[in-house]
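# Topology and contacts: notes
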Amino acid sequence: MLKTGRLLSLVVRRTSCAPRARRLHLGAAVAVKKYTDTENDYALSVLRNVPMVKELAPATGPLLEWEGLDEVLPVAERWCGTDPERVLLLLRHTVERVQRATEVQPFTLEDARLAGFVEAFVRTVPDFTDDQLARALGTLAALDEIRSIYQPHYLALWTALDAVCLDRVTGWNVDRLLHFADAWYPLRLVKQGKFVHKAIWKISNRLRKLTPDQLVRTVFYINLTRVPVENMMDIEVNLQHNFAAFTIADVAVLCMGFFKTETPVRSAELLERIYQKVTAEVATVEDIALTAILKLLRYSSRIPQVPAMHALLDALAPHIPRLSLQACLHVALLGSDIHVCHRGTLEPVVDRFAGSVQQLRLKDAERIAFVLAHGNVALQGGRDEALLRAILADLPNRVPEIVQYPRCYIALLHFLSLRGIHDAALISAAFEPRFLQLAYGRNIGGAGREAVSLDAYAAINLEGEYGIGRRFPPDAFRLVCKLTQDYLPNPRYKLTKSDRMLLDLQGTFGALVREPCQILHLLPHYQRPDILFCVDERAGRVVPLGELAATHEIRTRASVLGERSRDDRLRLVAIVVGSWNCYVRDERRRTGGYAMKLDQLRRLHYDTLEVRQTGVLHTRVFLTFGMGSYCFSSH
């Protein structure tokens, strides 16, 4: 294992000559995204029982009087003439030759001898029948590896086929369009070509009338293109109307299409039926199907779905040991957006992950750290903390992944810090200027809240320990805070529920003590402001602070009180309003981010008064100081 200091030097070395992410050249083991292909291949297996890599039968047609392919290729245009069958025969011989190529007898599509054949192919393709067109696609699909889809000869072959398919879209019905979309998929060119996009556009005009089989196949290609059609709602209507006709695998493919196009399911009734179907079949559903469905349920579910969510999670708990790590991760993530924390599934998921830390992707580690940090949950025996510390200890072994996914690395360190787990050297590495540029581009001020929150953690929680470690640039810190925090509430503009409550508390408390209190962002890396006032213990009363200018810097005691900061009898008090999303649902436990906010305020020598926002916006608060107690209500 590399030491943490070594990680810093490696990250800097990796980024020193490549400040932009697209200039990095990583090995295939790092760069390839395997899971997405597995998911799509599973979806295709649901649609049709066809092997993904087709074996090409040996070419049986004769090459006439010529001795072989080497003699035919230079005169391919003359040999093929205008006969499509000869063009297809020569294509099959060519692909077969490429498949048999060895180091001793190399032969690739880049071979200069293929130029004549490529010209003949492009010229003849418009004359292909539909059957010949499908055979040509099947022949090209047999190629195991393509160095680049933009290699000139290969590019000419597939773009010629794409153009002809595109021209025939208007004359093909739904079944024919989907048949040719299926023929294109093994080439892995659905996103690059124009035909499938155009075919889906045509089919989208009749989504409500498609049969269940046609709908599933159509949504599969919407998933591949990742471009939602204008009437995605029609898919929802069709699914809901014919729900009984879809298997759990069909539902999984449909969920992929919604999730990959970032389209939530809006029908509460449909969501309820999906929950019920998965809960009923949880013992037999396949991992990939379950993962796809869980993704959409997390993306679409709101408060009314909480009972169904708990029922599904209760049913899933006994099956965690048999699930893949990916499926386990999405079980843990279900409900995180609406602050649901289900211990029954979280505990066995953490146990699964604890024994597989080295097998986790960096993104998986970041996501499970998010679940544990956001839920602020303490599991029996400290298993959650042990897993997070194991993830931290494994980071020095993940330099290639960190360089490839730098923002994920910073987010992971932030989530670990919410649980008080950190390594100063790793945080310093994250704030190395070239690494920040790798993560956020030249405009570091466009970073997310994870970066400024991690920097604030180093400044407040690690004061004295962090030493000379690097920090997020101050100018960029202020800009990110300005862009990510709420405006201070102003009665002249439209107010949110939280804004109204802040103003109500400010007005009620100010009238009670007859001194103004101010709404400020004491911690600028948090979205919402707090109410600040000052108590003089000697006089037993609230004293004015004076008008404090708005700033996007952390408000220390010195920055608020100035020369009076040395007066120990002056107490700064922050009223912190906790809305519903500051607490874990159905529990009184604070979320990790909100708990960290209260902790950081105390570390900065603020006394905190926590006000929990209720549904009816009614708050009764007792404030206790040296001179007694105040009580006021907010309606």
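None of these values were measured; they are calculated from a predicted model.

## Quick word on empty space enclosed by the protein
Remark: the empty space left among the atoms is shown by a probe the size of a water molecule rolled over them. This structure, assessed with the given rule, holds four cavities of 30 Å³ or more. Quantified by volume, the largest cavity comes out at close to 130 Å³. Lining the largest cavity are 15 residues, and of these Ala-332, Ser-336, Val-340, Cys-341 and Val-371 sit closest to its centre. It is helix α20 (residues 362–375) that contributes the most residues to the lining of the largest cavity, three residues altogether. Grouping the constituent residues of the lining of the largest cavity by class yields eight nonpolar, seven polar and no charged. Each pocket or cavity is described by its volume, and for the second largest cavity that value is around 70 Å³. Every residue along the wall of the second largest cavity is listed here: Ser-498, Leu-502, Arg-528, Pro-529, Asp-530, Val-577, Gly-578, Ser-579, Lys-597 and Gln-613. Counting residues per element, the ones that place at least two in the lining of the second largest cavity are α28 (497–513) and β4 (570–578). Within the lining of the second largest cavity, the residues separate by chemical class into three nonpolar, four polar and three charged.

## Re helix α21 (residues 383–394)
It helps to recall that an α-helix has 3.6 residues per turn; residues three or four apart then point in one direction. Between the first and last C-alpha of α21 there are 17 Å, a value that for twelve residues agrees with the 16 Å anticipated at 1.5 Å per step. Tucked inside the fold, the buried residues of α21 contact α19 (343–354), α20, α23 (406–418) and α24 (424–430).

## Here we look at the packing of aromatic side chains
Enumeration over the complete set of coordinates arrives at twelve aromatic pairs. Ring centres of Trp-172 and Phe-195 lie 5.9 Å apart, and the angle between their planes is 85°; on these two criteria the pair is classed as edge-to-face. Here Phe-195 lies in helix α11 (residues 195–203) and Trp-172 lies in the loop between α9 (152–167) and α10 (174–184), a separation of 23 residues in the sequence. Trp-172 sits in the buried class, given a relative accessible area of 7%. Residue classification places Phe-195 among the buried residues on the basis of a relative accessible area of 0%.

## Quick look at the pattern of salt bridges
Opposite charge on two side chains permits them to pair, given that their charged atoms come into close proximity. Inspection of every chain in the model, using the stated rule, returns 29 salt bridges. Of the charged contacts, one joins Asp-455 and Arg-471 as a salt bridge, the two residues approaching to 2.7 Å between their closest N and O atoms. Of this pair, Asp-455 sits in helix α26 (residues 449–460) while Arg-471 is found in the loop between α26 and α27 (474–484), placing the two residues 16 residues apart along the sequence. Residue classification places Arg-471 among the partly exposed positions, given a relative accessible area of 40%. Between Arg-538 and Asp-567 there is a salt bridge, with the nearest N and O atoms lying 2.7 Å from each other. Here the residue Arg-538 occupies a position in the loop between β2 (530–536) and β3 (541–543), and Asp-567 occupies one in the loop between α29 (557–561) and β4, the gap between them amounting to 29 residues.

## Regarding the nonpolar core
Phe-121, Trp-184, Phe-195, Tyr-221, Tyr-409, Ile-410 and Phe-472 are the most contacted members of the largest nonpolar core, which totals 191 residues. Among the nonpolar cores identified, the runner-up in size contains 16 residues, and Ile-519, Ile-531, Phe-533 and Leu-609 belong to it.

## So, the pairing of β4
β4 sits mainly inside the fold: eight of its nine residues count as buried. When β4 meets strand β5 (residues 606–612), the two strands line up parallel, connected through seven bridges. The residue of β5 that forms the bridge with Val-573 is Asp-607. One crossover worth recording links β4 to the parallel β5 by way of helix α30 (residues 592–603), and it is right-handed.

Reading the values: the criteria
Residues numbered from 1 in each chain as written. Predicted model: local features only at pLDDT ≥ 70, side-chain atom pairs only at ≥ 80, totals over all residues. Heavy atoms only, no water. 1 Å grid on protein atoms, 1.4 Å probe; cavity = no way out; pocket = protein on both sides within 12 Å on 5 of 7 lines; lining within 4 Å. Points joined across faces, edges and corners; volume = space filled by probe spheres on them. Helix = DSSP H or I, 4+ residues; strand = E, 2+ residues; numbered from the N terminus. Nonpolar A, V, L, I, M, F, W, Y, C, P; charged D, E, K, R; others polar. Expected span 1.5 Å × (residues − 1). Contact = heavy atoms within 4.5 Å. Phe/Tyr/Trp six-rings, centres within 6.5 Å; stacked < 30°, edge-to-face > 60°. Buried < 20%, exposed > 50% of the residue type's maximum accessible area, 1.4 Å probe, protein only. Salt bridge = Lys/Arg side-chain N within 4 Å of Asp/Glu carboxyl O. Core = buried A, V, L, I, M, F, W, Y, C linked by side-chain atoms within 4.5 Å. Pairing = 2+ DSSP bridges. Right-handed = clockwise from strand over helix to strand, strands pointing away.

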